[in-house]
Amino acid sequence: MHETAIVEGLMRILEAQAARHRVARISSVIVKVGRLRAVEPAQLVACFEMFAEGTVAEGAQLKIEAVSVRARCKACATEFEVPRFRFECPGCGGGDVDVVQGQELYIESFEAAERLPSGGVPK
Amino acid sequence: MCDNCGCNVTDGNRHLVEADHRTIEVLEDLLHENDRQADHNRAHFDAMGLLAINVMSGPGSGKTSLLEATIKALPDRVRLAVIEGDLETENDAERIRRHGVPAVQITTGMACHLDAHMVHDALHELDLAKVDILFIENVGNLVCPASFDIGQHCNVLLLSVTEGDDKPAKYPVMVRAADQMLITKTDLLPYIEEFSVRRARDAVREIRSDLPVTELSAKTGQGMGPWLAWLQAMVAERQAKFRRHAQGYSYAPHR
């Protein structure tokens, strides 16, 4: 259940960003999750719903965009999508590769639904 | 009518309330705080010239037994310390202390992994100036620990022969994160005909072809040699870096 720790990080960012942009309510959040991060989307959503209660993000929809794994062969420089964690270069059969995509775990953006009245204090 | 549930929004005032519907781009890593703390831990380790190793496996693969055997087998001049991570109990730290090695137990309660903040708190209980290798034994779990940088220099992954030779294929993220893999409890191989070392090695190679795999038994000591040699090579490399760094400082002009 490392999803709880990840959602804690997400909530910290959302609350700080909401305060900075004077946002009173967040309606949706887009998070990019690389397939090499071993994060379970359903658990992430369930945790988020729980943690968001009573915050600016209560009721917001968490959209998780999975990022496929891509690698570049060190021997022949072929870049390829890695199917099912088989890190074998389709060009030369080599297995010594650099992962170029699939480690992502970041918040891309969120939708702000309401702005705080001027002078208002963020929740 | 209230400001909470949206019942104050009518067709007449909707344009005023929702006029500011906008997308705010963030692009911030969700584990940013952990990663920052991990970098801070690593800076501590580097300043002391010590090697920090994150030891990971499923529960019961023999992490603590391996550390005990390693403590006994390494020459005394290599100074060790251990941080133990478990949900509950002080048992593992006590096992390590019986060998005269300082050990700090982290009990995570419900957390299934160590994070950089927990490790940082534990560091305050150790005299890092007197340590060459700091082993950080993570919570037994083949999923979560791989996601959290704790400031280590390298990851060692254990797979015991009682777990099945397809474990690497089942937990590929962990295999990708490893710098050294140990197939442990090989003294039991004669009794477990289902486990094929060759199949386990093949499964590892598909995921990470350059990962060194060593077979050993902490109980009999068989195969410990290559593991100890790898450890000592890693320590030597770290200390060489440390000396170069220290020299760089001493040559800097003083003001």
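Look up a bit, the structure's there.
Conventions we followed
- Note on numbering: residues in each chain are counted from 1, in written sequence order.
- For naming, the first written chain is A and the first written ligand is 1, with later ones following in the order written.
- Reporting in this predicted model follows two pLDDT cut-offs: at least 70 for local features of residues, and 80 or more for side-chain atom pairs to be given and counted; totals over whole chains, interfaces and linings ignore these cut-offs and use all residues.
- A pair of residues counts as a contact when their C-beta atoms, built from backbone coordinates, are within 7 Å of each other.
- Put simply, DSSP H or I for four residues or longer makes a helix, DSSP E for two residues or longer makes a strand, and each gets a number counted from the N terminus.
- Only strands joined by at least two bridges in the DSSP assignment are considered to pair.
- Orientation is described by axes fitted as lines to C-alpha atoms, over the contacting stretch for helices, and by angles from 0 to 180 degrees between their N-to-C directions.
- Any residue whose C-beta has 12 or fewer other C-beta atoms within 10 Å is treated as exposed, any with 20 or more as buried, and any in between as partly exposed, C-beta atoms being built from the backbone.
- Crossing handedness: left-handed means the near helix sits turned counterclockwise from the far one by under a right angle, and right-handed means the same turn made clockwise.
- Asp, Glu, Lys and Arg are counted as charged, while Ala, Val, Leu, Ile, Met, Phe, Trp, Tyr, Cys and Pro are counted as nonpolar; the rest, among them Gly, fall into the polar class.
- By definition in this entry, angles of less than 35 degrees are roughly parallel, angles greater than 145 are roughly antiparallel, angles of 65 to 115 are roughly perpendicular, and the rest are oblique.
- To estimate the expected span of a helix, subtract one from its residue number and multiply by 1.5 Å.
- Think of it as the arc spanned by the lines of direction from the helix axis to the C-beta atoms.

Thoughts on the interface of chain B and chain A
- Each partner contributes residues to the interface: chain B has 33 residues there, and chain A has 30 residues.
- Elements with a minimum of two residues in the side of chain B that touches chain A: strand E1 (22-29), helix H2 (32-48), helix H7 (172-177) and helix H8 (197-207) of chain B.

Structural notes on the sheet that holds strand E8 (residues 213-215) of chain B
All names here are of chain B.
- The seven strands lie next to each other as E4-E3-E5-E2-E6-E7-E8, forming an open sheet whose pairing is parallel. Two strands in the sheet have a free side with no partner beyond their single neighbour: strand E4 (103-107) and E8. Put simply, the sheet's adjacent strands are angled 20° from each other on average, direction ignored.
- Pairing analysis gives three bridges linking strand E7 (residues 180-184) to E8, with the strands arranged parallel. Each bridged residue has a counterpart across the sheet, and for isoleucine 183 the counterpart in E8 is glutamate 215.
- Together, strand E2 (51-56), strand E3 (80-86), strand E5 (133-137), strand E6 (154-160) and E7 form the strand contacts of helix H3 (residues 63-73), whose direction differs from that of E5 by roughly 165°.

Overview of the pairing of E6(B)
Residue and element names in this part refer to chain B.
- E6 sits mainly inside the fold: six of its seven residues count as buried.
- For E6 and E7, the ladder comprises five bridges, and the chain directions are parallel. Within E7, the position partnered with serine 160 by the bridge is threonine 184.

Digging into the packing of H2(B) against helix H5 (residues 116-123) of chain B
All names here are of chain B.
- Packing of H2 against H5 brings their axes to within 8 Å, and their N-to-C directions diverge by 30°. The way H2 lies across H5 gives a crossing that is left-handed. Packed against H2, whose contacting residues are Asn34, Gln37, Ala38, His40, Asn41 and His44, the element H5 presents Ala116, His117, Val119, His120 and Leu123 at the interface.
- Among the residues forming the contact of H2 with H5, the class breakdown is four nonpolar, seven polar and no charged.

Some remarks on the pairing of E5(B)
Residues and elements named next belong to chain B.
- E5 sits mainly inside the fold: five of its five residues count as buried.
- Across the two faces of E5 the burial is the same, with Ile133, Phe135 and Glu137 and Leu134 and Ile136 all buried.
- Pairing between E2 and E5: five bridges, direction parallel. Each residue of the ladder has a partner; that of leucine 51, found in E5, is isoleucine 133.

A short note on the sheet that holds E1(B)
- Spatial ordering of the open sheet is given by E2(A)-E1(A)-E6(A)-E1(B), a layout of four strands whose pairing is mixed. The sheet terminates laterally at strand E2 (61-67) of chain A together with E1 of chain B, the two strands that pair on one side only. Going across the sheet, the axis of each strand differs from the next one's by a mean of 20°, ignoring polarity.
- As paired strands, strand E1 (residues 23-34) of chain A and strand E6 (residues 105-115) of chain A are joined by nine bridges and run antiparallel to one another. Residue pairing across strands places A:Ile26 opposite A:Ala112, the latter belonging to E6(A).

A word on the packing of helix H1 (residues 3-20) of chain A against helix H2 (residues 41-52) of chain A
Residue and element names in this part refer to chain A.
- Close contact between H1 and H2 brings their axes to 9 Å; oriented N to C, the two are set at 50°. With respect to H2, the element H1 is oriented oblique. Considering only the axes of H1 and H2, their crossing is right-handed. Contact residues: Glu3, Thr4, Ile6, Val7, Glu8, Leu10 and Met11 in H1; Gln43, Leu44, Cys47, Phe48 and Phe51 in H2.
- Looking at the contact of H1 with H2, its residues break down into eight nonpolar, two polar and two charged.

Some thoughts on H2(B)
Residues and elements named next belong to chain B.
- The first and last C-alpha atoms of H2 sit 25 Å apart over 17 residues, in line with the 24 Å expected at 1.5 Å per residue.
- The set of residues buried in H2 consists of Asn34, Gln37, Ala38, Asn41 and Phe45. Take H2 and look down its axis: the buried residues cluster within an arc of 105°, on one side only.
- Against E2 and H5 lie the buried residues of H2.

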